[in-house]
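# Observations on the model geometry
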Amino acid sequence: MNLSVSPNDGGGRLRPDTPIAVQARSGTIENVTVATRGTPVEGDLSADRTQWRSRWSLDPGQRYTVSATAIGKDGKSRTVRNSFSVAEVKKKLDMTLEAPYDKETVGVGIPIIMRFGKKVTDRAAVERALEVRSDKPVEGAWHWFEGEDGPEAVFRTKTYWPAHTKVRFQAHLSGVSTGKDTYGGKNYAVDFKVGDEHISTAGEDTHKMVVKVNGRKARTIPTSMGRGGARKYTTTNGDHLTMDKSNPEIMDSSTTGCGPGCPGYYRLSVNNAVRISDSGEFVHSAPWSTGDQGHDNVSHGCVNISPSDAKWFYNLSYRGDPLEVTGSSRELEADNGWGYWQMNWNDWVKGSALKRSVTTAPHADASTLSAQSGNGAMPTAPRAVGGP
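Before going into details, it helps to say that this report is about the structure given with it. These numbers come from a predicted model, not from an experiment.

## A short note on the nonpolar core
Most often, soluble globular proteins have nonpolar side chains that are buried together. The biggest cluster of nonpolar side chains holds 46 residues, and the ones touching the most others in it are Met114, Phe116, Trp142, Phe169 and Leu173. In this view, Leu173 contacts Met95, Met114, Phe116, Val126, Ala129, Leu130, Gly184, Gly185, Lys186, Asn187 and Tyr188; residues no more than four positions away in its chain are not counted. With 19 residues, the next largest nonpolar core counts Leu3, Val22, Val32 and Val80 among its residues.

Encoded structure:
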């Protein structure tokens, strides 16, 4: 039997994206462990147990010791050990995770949003390093946007997440080549839970918002939306998501290009404000327009509701709850806040660097996942989104 482990020493010049590979000829692999002070190494064993390969990139500047044991057709076992070091890297690419937060309870429309501070040349390599698991498998895909401060990678499901789904997202970015001489800086992991299904529909022409919880009508709320006359005073039409909330929120027309001295300038504090776009739109308390709510549109573009309804909606809302606005002449852009559900599914998938959708693998509990990844022991769970 021949049992080989690569790489060999390499003199500390090995790239972080060099895979660890074990191969057995005339035998089968029984065990592979990888000792390191860096990120525990996970790997995949072939169906015939003759090949094992590390799943993700390695940590720059770390040393690894690989121990592999195989049994030959003659019943005899053999163990091979190799040690090597991975080179340090000079340029690292950092990522900020906008949503969701770790341990957050979210709405059924929640996206996973990654923002990069620099250009990402090899987006396919990054996408392969992204993993989503859920206890209720769903179809989803990544889509890349050009943000003001750098590229953004966003994961959206084909249809809304099922209520009460547990999800784990892991970005195995450490050591991933993102472009010339640039590598991912570190790994990220978050666990989040989809809560109750909150879906709202607000009619610009009907002057009311209907809120459903888990498919049942929970409240009908009189509204007053954008008064129109100018694009900036017209509430955007289409599929919004609740993005965040604050109490109070300062409404300042300077954010939409109308500063002090501009006709129509305003700056005021409002209570129980739930953001639904990046163009300044909120669902919020508006005691000054209660006489118009349910009858006329008089706002600067927000969805005005009464103080009592606003407090109820504010307390109900998760980040990622869908809110559809109908009847307006101004369409919400897909990159305006979290307007991702405005894009049809085929176009969304085309924005993936790998040009494909994926299905989330089963989500295991924390103890199971830890056992699978510890010291590079051979995993038994299937790969999830974006795995190589």
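## Details of the environment of Arg133
Tracing the sequence through the fold places Arg133 in strand E12 (residues 130-134). Its relative accessible area of 2% is what places Arg133 among the buried residues. At a separation of 3.2 Å, a polar atom in the side chain of Arg133 contacts the side chain of Glu131.

## Focus on empty space enclosed by the protein
Taking a probe equal in size to a water molecule and rolling it over the atoms shows the remaining empty space. In the structure shown here, the tally under the stated rule is three cavities of 30 Å³ or more. Counted as a void, the largest cavity has a volume near 50 Å³. Every residue lining the largest cavity is listed: Leu93, Asp94, Met95, Phe116, Val126, Leu173, Thr178, Gly184, Gly185, Lys186 and Tyr188. Across the lining of the largest cavity, the residue classes break down as six nonpolar, three polar and two charged.

## What to know about the state of the cysteines
Enumeration over the complete set of coordinates arrives at one disulfide. The disulfide partner of Cys258 is Cys262, and the S-S distance across this bridge is 2.1 Å. Given an S-S torsion of about -105°, the disulfide between Cys258 and Cys262 has left-handed geometry. Looking at the unpaired Cys302, the closest cysteine sulfur is the one in Cys258, lying at 14 Å. With relative accessibility at 9%, the residue Cys302 sits in the buried group.

## A closer look at the sheet that holds strand E27 (residues 282-285)
The four strands are arranged E23-E26-E27-E28 in an open sheet whose pairing can be described as mixed. Every other strand in the sheet has two partners, leaving strand E23 (244-246) and strand E28 (303-305) as the edge strands with one partner each. Going from strand to strand, the sheet's axes swing by 15° on average, the running direction of each strand aside. As judged from the two bridges shared by strand E26 (residues 273-275) and E27, these two strands associate in the antiparallel manner. Directly across from Val274, in E27, lies its bridge partner Val283.

## Brief notes about the packing of aromatic side chains
This structure, assessed with the given rule, holds 10 aromatic pairs. For the pair Trp142 and Phe155, a centre-to-centre distance of 5.3 Å together with 55° between the ring planes defines the contact as tilted. Placement of the pair is Trp142 in strand E13 (residues 139-147) and Phe155 in strand E14 (residues 150-157), with a sequence separation of 13 residues. Both residues of the pair, Trp142 and Phe155, count as buried. Aromatic rings pair up to connect Trp142, Phe155, Trp161, Phe169 and Phe192 into one cluster. Over the face of the ring belonging to Trp341 we find Arg156, whose NZ or CZ atom lies 4.1 Å from the ring centre. The ring of Tyr233 carries Arg227 above its face, with NZ or CZ at 4.3 Å from the centroid.

## A short note on the sheet that holds strand E7 (residues 77-85)
Pairing within the open sheet is antiparallel, and its three strands lie in the order E3-E6-E7. Each edge of the sheet is formed by a strand with only one pairing partner; in this case those strands are strand E3 (27-35) and E7. Neighbour-to-neighbour, the strand axes of the sheet open up by a mean angle of 15°, direction not taken into account.

## Here's the deal with the pattern of salt bridges
Applying the stated rule across the entire model yields 15 salt bridges. For the salt bridge of Asp44 with Arg55, the shortest nitrogen-to-oxygen distance reads 2.7 Å. Taken together, the positions of Asp44 in strand E4 (residues 43-45) and Arg55 in the loop between strand E5 (51-54) and strand E6 (63-72) put the pair 11 residues apart, joining distant regions of the chain. Accessibility expressed as a relative area gives 24% for Asp44, which makes it partly exposed. Across the pair Glu131 and Arg133 runs a salt bridge whose closest N-O atoms are separated by 3.2 Å.

## Some details on the environment of Glu98
Counting through the fold element by element, Glu98 comes out in strand E9 (residues 95-99). If we skip the residues at most four places from it in the chain, Glu98 touches Ile113, Arg115, Arg319 and Trp338. Reaching out from Glu98, the side chain makes a polar contact with the side chain of Trp338 at a distance of 2.8 Å.

Scoring rules and cut-offs
- Residues numbered from 1 in each chain as written.
- Predicted model: local features only at pLDDT ≥ 70, side-chain atom pairs only at ≥ 80, totals over all residues.
- Heavy atoms only, no water.
- Core = buried A, V, L, I, M, F, W, Y, C linked by side-chain atoms within 4.5 Å.
- Buried < 20%, exposed > 50% of the residue type's maximum accessible area, 1.4 Å probe, protein only.
- Contact = heavy atoms within 4.5 Å.
- Helix = DSSP H or I, 4+ residues; strand = E, 2+ residues; numbered from the N terminus.
- Polar contact = N/O pair within 3.5 Å; in protein donor to acceptor, adjacent residues only side chain to side chain.
- 1 Å grid on protein atoms, 1.4 Å probe; cavity = no way out; pocket = protein on both sides within 12 Å on 5 of 7 lines; lining within 4 Å.
- Points joined across faces, edges and corners; volume = space filled by probe spheres on them.
- Nonpolar A, V, L, I, M, F, W, Y, C, P; charged D, E, K, R; others polar.
- Disulfide = S-S within 2.5 Å.
- Pairing = 2+ DSSP bridges.
- Axes fitted to C-alpha atoms, helices over the stretch in contact; angles between N-to-C directions.
- Phe/Tyr/Trp six-rings, centres within 6.5 Å; stacked < 30°, edge-to-face > 60°.
- Lys NZ or Arg CZ within 6 Å of the ring centre and 35° of its normal.
- Salt bridge = Lys/Arg side-chain N within 4 Å of Asp/Glu carboxyl O.

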